[in-house]
Structure formats: C-alpha cells, structure tokens
Amino acid sequence: MSSTAAYYLLSTLGGYLVTSFLLLKYPTLLHQRKKQRFLSKHISHRGGAGENLENTMAAFQHAVTIGTDMLELDCHITKDEQVVVSHDENLKRSTGVNVNISDLKYCELPPYLGKLDVTFQRACQCEGKDNRIPLLKEVFEAFPNTPINIDIKVNNNYSRPL
C-alpha cells in the first residue's frame, strides 16, 4: 500500500471518527431539540380507579379537579355503533351481568356495580354513585382541554359506508 493511499485512508477514517464523536456528543448541531407539547406528571388510569368507580364521568371529573395532566380510558363499541368508555368487553366484572358490550345497544347497557375490585392493585376496591357507562363523546365534550389517552380494546374491522 502506498503512503499516499494510507494517508487518505487514515485522514478519512480520522475525520469520520471525529465527526461521529461530535455529532454523538452534540446532536443539536444538526437537529433542533423537539419541543414537548405538554409535560405529563400525573395520568389518571381509568379516570383514577381506586378513588372512584373506574371509567365514569365522576371519576374523570374528580381526576381533573385534583389536577391530573391526562386521562387514560378504554373504549368499546356497542351493537348500535356507540363508542363507550369501559375497560372490559365483557361486563361480568363491572356490572355483574355476563354479556359483551358489542352484543347490546347503548340503552341496554347495565349500570356498574356500586363497588368494584381495582384489578391492578391487590385488595383494593373503588366505589361510587355514578354507575352509568359513559359515551366517549361525553368525555370529550366535558373535558375539551384535557389530553386523553385512549386504549382501543377491540380491533374491529367494521367500516360504515359514507
């Protein structure tokens, strides 16, 4: 290998290493830092299950009142194509009725039980008086300025013609 080729090889490799190190250490030389849309320190899972009946308007209102940064909720679709807020597709755990949300019209949905086990925390129950399963649009309308993380529980290939 000639000394000229070795010089070009070493200078190219050295330049590559120096450039890689600088860009790794200081990435904003090429890219601007992303601006956060909002900072979320407190997310109310199922509207704050454990403090109120999960996924109810009372739970969401309580969470917003105490200053939550974001609501987290779960959605299913009813037989009459209404998007409802409920963690479980089957209502046995939350209402005592062994039926799927997708098999009922919205007006046929049974109310939540007055007391529910908190599934993600051992030996904990939540209770409340608001036992109605809300529509997703009601949550949007009631909390237009609160970010909402929606967990869509069913991969439904349903599509309605426009």
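Residues numbered from 1 in each chain as written. Predicted model: local features only at pLDDT ≥ 70, side-chain atom pairs only at ≥ 80, totals over all residues. Heavy atoms only, no water.

- Looking at an unreviewed UniProt entry, one finds the chain named Glycerophosphodiester phosphodiesterase domain containing 1, with Myotis myotis as its source organism.
- In its Sequence similarities (unreviewed entry) section, the UniProt entry covering the chain states "Belongs to the glycerophosphoryl diester phosphodiesterase family."
- Looking at the chain in UniProt, the text filed under Subcellular location (unreviewed entry) is "Membrane". (UniProt positions renumbered as here; feature names shortened; annotations may be inferred.)

## Some thoughts on the environment of Pro 147
Next, step 1: Along the polypeptide, Pro 147 turns up in the loop between helix 4 (136–142) and strand 6 (148–152).
Next, step 2: Judged by relative accessible area, Pro 147 falls into the partly exposed class, the value being 27%.
Next, step 3: In contact with Pro 147, not counting residues within four places along its chain, are Phe 38, Asp 69, Met 70 and Leu 71. (Helix = DSSP H or I, 4+ residues; strand = E, 2+ residues; numbered from the N terminus. Buried < 20%, exposed > 50% of the residue type's maximum accessible area, 1.4 Å probe, protein only. Contact = heavy atoms within 4.5 Å.)

## What to know about the pattern of salt bridges
Next, step 1: All told, the structure shown has 4 salt bridges when counted by the stated rule.
Next, step 2: Salt-bridge contacts for Glu 54 lead to Arg 46; the nearest nitrogen and oxygen are separated by 3.0 Å. Each member of the pair, Glu 54 together with Arg 46, is buried.
Next, step 3: One salt bridge connects Arg 93 with Glu 54, and the closest N-O pair in it is separated by 2.5 Å. (Salt bridge = Lys/Arg side-chain N within 4 Å of Asp/Glu carboxyl O.)

## Topic: the packing of aromatic side chains
Next, step 1: One pass over the structure, following the stated rule, counts 1 aromatic pair.
Next, step 2: Considering the side-chain rings of Tyr 7 and Tyr 8, the 5.7 Å spacing of their centres and the 65° angle between planes classify their relative orientation as edge-to-face. In this pair, the class of Tyr 7 matches that of Tyr 8, namely exposed. (Phe/Tyr/Trp six-rings, centres within 6.5 Å; stacked < 30°, edge-to-face > 60°.)

## Regarding unusual backbone geometry
Next, step 1: Despite not being glycine, Asn 55 has its phi angle at roughly 55°, a positive value.
Next, step 2: By the element assignment, Asn 55 lies in the loop between strand 1 (43–45) and helix 2 (57–65).
Next, step 3: One non-glycine residue with positive phi stands out, namely Glu 81, at about 70°.
Next, step 4: Its place among the elements puts Glu 81 in the loop between strand 2 (70–77) and strand 3 (83–85).

## Quick word on the nonpolar core
Next, step 1: Counting 11 residues, the largest nonpolar core is built from Leu 53, Val 84, Leu 91, Val 99, Ile 101, Leu 104, Tyr 106, Leu 109, Tyr 112, Ile 133 and Leu 135.
Next, step 2: When near neighbours in sequence (up to four residues on either side) are disregarded, Tyr 106 contacts Thr 78, Asp 80, Gln 82, Val 84, Arg 132, Ile 133, Pro 134, Leu 135 and Glu 138.
Next, step 3: In terms of nonpolar packing, the next biggest core, distinct from the first, is built from 10 residues, Leu 71, Val 85, Val 139 and Phe 143 among them. (Core = buried A, V, L, I, M, F, W, Y, C linked by side-chain atoms within 4.5 Å.)

## Structural notes on the UniProt feature "transmembrane region" (unreviewed entry) in the chain
Next, step 1: Residues given the UniProt feature "transmembrane region" (unreviewed entry) here are residues 6–24.
Next, step 2: End C-alpha atoms of residues 6–24 are separated by 27 Å, and the span's content is 100% helix alongside 0% strand.

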